[in-house]
There are 2 protein chains.
Amino acid sequence: MEKLLSDRIKSTPPSFIRSILKTAADPDIISFAGGLPNPVSFPQEELLASMERIVETYGSALFQYSITAGLPELRQYIAERYNRNFGLRLTMDNVLITTGSQQALDLISKVLLNAKDGVIIEKPSYLGAIQAFSQYQPVFYPVELTESGLNIEQFKTALQNNIKFVYAIPDFQNPTGLTYSLENRNCIYEILKDYEIVLIEDDPYGELRFDGVRLPYIGAGRLPGSILLGTFSKTVTPGMRVGFVICADQELLKHISVAKEASDLHTNIFAQYLIWDYLKHNDYEAHIAKIKQLYKEQAQAMMDAMERYFPPTVQYTRPQGGMFLWVTLPEGVSSLSLLPKALDKKVAFVPGDPFYINRKNTNTMRLNYTNADCETIDEGIRRLGDLLKELSVQ
Amino acid sequence: MEKLLSDRIKSTPPSFIRSILKTAADPDIISFAGGLPNPVSFPQEELLASMERIVETYGSALFQYSITAGLPELRQYIAERYNRNFGLRLTMDNVLITTGSQQALDLISKVLLNAKDGVIIEKPSYLGAIQAFSQYQPVFYPVELTESGLNIEQFKTALQNNIKFVYAIPDFQNPTGLTYSLENRNCIYEILKDYEIVLIEDDPYGELRFDGVRLPYIGAGRLPGSILLGTFSKTVTPGMRVGFVICADQELLKHISVAKEASDLHTNIFAQYLIWDYLKHNDYEAHIAKIKQLYKEQAQAMMDAMERYFPPTVQYTRPQGGMFLWVTLPEGVSSLSLLPKALDKKVAFVPGDPFYINRKNTNTMRLNYTNADCETIDEGIRRLGDLLKELSVQ
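The notes below deal with the structure included here. (Residues numbered from 1 in each chain as written. Chains lettered and ligands numbered in written order. Predicted model: local features only at pLDDT ≥ 70, side-chain atom pairs only at ≥ 80, totals over all residues. Heavy atoms only, no water.)

### So, the sheet that holds strand β10 (residues 315–316) of chain A
Residues and elements named next belong to chain A. Read across the open sheet, the four strands follow the order β10-β11-β14-β13; overall the sheet is antiparallel. On the outer flanks of this sheet lie β10 and β13 (350–351), each paired with one strand and no other. In the sheet, β13 pairs with strand β14 (residues 364–368) via two bridges, with the strands oriented antiparallel. Looking at β14, one finds that P351 is bridged to M365. The strands that helix α11 (residues 284–309) touches are β10, β11 (324–328) and β14; relative to β11, the one it contacts most, it runs at about 20°. (Pairing = 2+ DSSP bridges. Helix = DSSP H or I, 4+ residues; strand = E, 2+ residues; numbered from the N terminus. Contact = heavy atoms within 4.5 Å. Axes fitted to C-alpha atoms, helices over the stretch in contact; angles between N-to-C directions.)

Here it is in structure tokens:
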């Protein structure tokens, strides 16, 4: 069998996500390892009402094959929402529905990458993106992510290579929870406008800002070849796998659409009708406001607990939104080798390693605060704190 | 933009499927062009009842992220069904849920193909498969499909190349409607058992046999590295995009799973619960029996109408199941150049060209009989017959 495998699949790392989800399934473990929205944020009753309404109204269209680009009504809704909220000038022809944002990452790399092409990513970056891109065997150029955004000098240097695209999560980044400053965004824009390079601006968490003010996109609305990714996974339901690609360049979007057609024909059309009907018949903004309040409290509970239980040698980010917080242990401490001990204490996290290209035993870890209540968060951080204190004693 | 595109996407043909679906949407046109199941075959009421039941029973699990391999209960159901019906010895670990069968075609090529690797396909073959495989830039070795199956001499010759996999649809093939004979199946099995080559046996239509007796699989259950593809698209609903990969070789399946994780994390979990609940609470066999009766009548109506309206110089296959019938025009007649004239007469079909590798103006066409009632079929074939008669007069 081995000799039949493609070079591509040999260079694709199996993700930590699978083991994370398995860990999260053990009810005894307090898991900060997943990237799961809080299930209380799923509008179940409203979704069931929408199901009944759309079956009544649209009948067999919900269950039949459909077009690759996605439900026109949903694409129109998305275009209008982004025009209204962010001053973009989109039509539904600038929007393509994907089977979650993960598919967008796969399709874009499929369309743009030959083996050995260059890709700029943040350091650290989202492990699912690293996995998706790896399938197409690029050369990664990681650029340090700081408290204010990309390290601009490193970014300029990285751009000297044969780069096809830059992948960035400017709001509440996964894994760090960091947000690019306005100045950093403008600086990146000024640099990129002279290059024919695609900027992929991944924005799964932007709606979930619970502190500070919303900052403008880097590329959307001003860099013509840039791509903006969005999703309903964090605000309505991830299980339905409905994400979207926004792109002003319809030529590029057409190629992404051909790749999508070849990859899964179209995204579940029932799910598209469902999300659209839900949005139309409910107060989406009020729903988002509730999620934000919830996550603000949970993030605060985690930071408070860290203040209380972590030794002062341990640092952590203070996110203004999103789902994650990033912990830096003292130099030389491997979070990976800490994980089994944490699991013994019935608490889980993701070691930093899979968020980097070819790095082992980093002193960082990602913690998720959205999928546990405040008391559980406090207890989990206490357990982790005990472990970290034992460490600093040694 | 052009210079940013991958070689891969440049070699991926945009599919006829999109324009087919657009054509099918014009209510004035009698379309035999799509590959759409008859909407009366969707168990809408039963599916709505299942939706209400699963929301009540499983709540947030329907809307949360889930595991890549797919819902264990559904995989278990599939394993048991194939064990019972076809004497296989599967566990749920041999089953991976995909976002429709189209995704399976993408994932398998992703896992197996380097550029320039050889792929054996039928001549003609399913255009969606040609599109999916093309993304990975293989060399295609088409083997003539005859009334009894693959041309064995051509098959043996093709195997002399650097082949990674063979792709076959042995039952009611798309586009021809042809079925491999028992002898042909055994012959292919005997040849393949000495090669380390993956056989992909695509079986979307096998459940829809309305004439003759079911024949055994070529690879499933006896060629260890073979892959069997199945789907609920033709028997329950295509809109939900739930297909599956069956593979005895768990090592190979693990690689396909990594590729899936990198491509869309997992298939819509609500849809998986829905299909599973539907299967559990309804008489699936009785439902399939109804679809078969419907399609038998529609296929018969199409063949009867062809007998009546087509000139004797035009030949066509007589399918024992599935959704398609294949028409061969007199030598030298291009079905592609016939299409605009057919659309003028408000009838549509798919010209044979996209089912071949690099062939233009073939004298073949694919007709679908599942998505129109018998009267409409008769009228459509009459219009097409008029056109074909004008042709033979010239």
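Back to the write-up after that little detour.
### Quick word on the packing of aromatic side chains
Residue and element names in this part refer to chain A. In total, this model carries 29 aromatic pairs over all chains according to the counting rule given. Measuring from centroid to centroid gives 5.2 Å for F133 and Y167, while their planes differ by 80°, and the two rings are edge-to-face. Linking F133 in helix α6 (residues 127–134) with Y167 in strand β6 (residues 163–168), this pair joins segments that are 34 residues apart in sequence. Their ring planes at 65° and their centres at 6.4 Å tell us that F210 and Y369 sit as a pair that is edge-to-face. One end of the pair, F210, is in the loop between β7 (198–202) and β8 (227–231); the other, Y369, is in the loop between β14 and α13 (374–393), and 159 residues separate them in sequence. Given a relative accessible area of 10%, F210 falls into the buried group. A connected cluster of aromatic rings, assembled from ring pairs, spans Y82, F86, Y217, F232 and F244. (Phe/Tyr/Trp six-rings, centres within 6.5 Å; stacked < 30°, edge-to-face > 60°. Buried < 20%, exposed > 50% of the residue type's maximum accessible area, 1.4 Å probe, protein only.)

### Some details on the interface of chain A and chain B
Each side of the interface is counted separately: chain A has 76 residues, and chain B has 75 residues. Of the roughly 7000 Å² buried between chain A and chain B, counting both surfaces, carbon and sulfur atoms make up 59%. By the criterion of area lost to chain B, the three top residues of chain A are L4(A), F63(A) and Y65(A), representing 11% of everything that side buries. Between the two partners, chain A and chain B, sit two salt bridges. Counting the contacts that link chain A with chain B gives 40 residue pairs in polar contact (both at pLDDT 80 or more). At the level of elements, α1 (7–10), α2 (16–25), α3 (44–58), α5 (100–112), α6, α9 (250–264) and α10 (269–281) of chain A are the ones that each hand at least two residues to the side of chain A that touches chain B. Sorting elements by how many residues they give to the side of chain A that touches chain B places α9(A) first, with nine residues. Class assignment of the residues belonging to the side of chain A that touches chain B gives a composition of 36 nonpolar, 26 polar and 14 charged. (Buried area = accessible area lost by both parts, 1.4 Å probe. Salt bridge = Lys/Arg side-chain N within 4 Å of Asp/Glu carboxyl O. Polar contact = N/O pair within 3.5 Å; in protein donor to acceptor, adjacent residues only side chain to side chain. Nonpolar A, V, L, I, M, F, W, Y, C, P; charged D, E, K, R; others polar.)

### Overview of the relation of the copies chain A and chain B
Each of the two chain copies can be generated from the other by rotation about an axis followed by a shift along it. When chain A is brought onto chain B, the operation consists of a screw motion whose angular component is 180° and whose axial shift is 0.0 Å, with 0.0 Å RMSD remaining. The operation mapping one copy onto its partner corresponds to a two-fold rotation axis. Here 99% of the interface residues in chain A have copies in chain B that are interface residues too; the copies meet face to matching face. (Least-squares fit on C-alpha atoms with pLDDT ≥ 70 in both.)

### Re the pairing of strand β8 (residues 227–231) of chain B
Each regular strand displays side chains that alternate between the two surfaces of the sheet. Residue and element names in this part refer to chain B. Among the five residues of β8, five are classified as buried, and the element is accordingly described as predominantly covered. Neither face of β8 is exposed, since I227, L229 and T231 on one face and L228 and G230 on the opposite face are all buried. Both strand β7 (residues 198–202) and β8 contribute to a ladder of three bridges, which runs parallel. From the neighbouring strand, E201 faces β8, where its bridge partner is L228. Direction of pairing for β8 relative to strand β9 (residues 243–247): antiparallel, over a ladder of five bridges. Directly across from I227, in β9, lies its bridge partner C247.

### Section: unusual backbone geometry
What you tend to see is this: most non-glycine residues have negative phi, and most peptide bonds are trans. Residues and elements named next belong to chain A. In this model, K123 is joined to P124 through a cis peptide bond whose omega is 5°. With respect to the helices and strands, P124 occurs in the loop between β3 (118–123) and α6. In the Ramachandran plot, N361 falls in the positive-phi region, its phi being about 55° despite a non-glycine side chain. Overall, the relative accessible area of 43% leaves N361 in the partly exposed class.

### Considerations on the packing of α5(A) against α6(A)
Residues and elements named next belong to chain A. Where α5 meets α6, the closest approach of the two axes is 8 Å, and the angle between their N-to-C directions is 30°. As α5 runs across α6, the sense of the crossing is right-handed. Residues Q102, L105, D106 and S109 of α5 form the contact with α6, whose participating residues are G128, A129, A132 and F133. (Left-handed = near helix turned anticlockwise from the far one by under 90°.)

### Re the packing of α5(A) against helix α9 (residues 250–264) of chain B
The geometry of α5(A) relative to α9(B) is characterised by a closest axis approach of 5 Å and an angle of 100° between their N-to-C directions. Relative to α9(B), the element α5(A) lies roughly perpendicular. Within the contact between the two elements, α5(A) uses Q102(A), Q103(A) and D106(A) and α9(B) uses E261(B), A262(B), S263(B) and D264(B). Of the residues that constitute the contact of α5(A) with α9(B), the class distribution is one nonpolar, three polar and three charged. (Parallel < 35°, antiparallel > 145°, perpendicular 65-115°, else oblique.)

### Some remarks on the environment of R366(B)
Residue and element names in this part refer to chain B. Residue placement: R366 occurs in strand β14 (residues 364–368). Here R366 falls in the buried class, since its relative accessible area comes to 5%. In this structure the C-alpha to C-alpha distance between R366 and M306, which are 60 residues apart in sequence, comes to 14 Å. Side-chain polar atoms of R366 contact the backbone oxygen of A33, separated by 3.1 Å.

### Topic: the nonpolar core
F133(A), Y167(A), I256(A), F133(B), Y167(B) and I256(B) are the most contacted members of the largest nonpolar core, which totals 78 residues. Contact partners of Y167(B), with chain neighbours within four places excluded, come to L105(B), I120(B), I121(B), E122(B), S125(B), Y126(B), A129(B), F133(B), I200(B) and D202(B). One finds F42(A), L48(A), L71(B) and A271(B) within the second-largest nonpolar core, a separate group that totals 76 residues. (Core = buried A, V, L, I, M, F, W, Y, C linked by side-chain atoms within 4.5 Å.)

### Considering α9(B)
Residue and element names in this part refer to chain B. Along its 15 residues, α9 runs 20 Å from first to last C-alpha, staying within 8% of the 21 Å computed at 1.5 Å per residue. The buried fraction of α9 amounts to twelve of the 15 residues, a majority that puts the element mostly inside the structure. Along α9, the residues classified as buried are L252, L253, H255, I256, S257, V258, A259, K260, E261, A262, S263 and D264. A distance of 3.0 Å separates the backbone nitrogen of E251 from a side-chain oxygen at the start of α9, and that oxygen is part of D249. Positive phi appears at L265, one or two residues downstream of α9, with a value of about 65°. (Expected span 1.5 Å × (residues − 1).)

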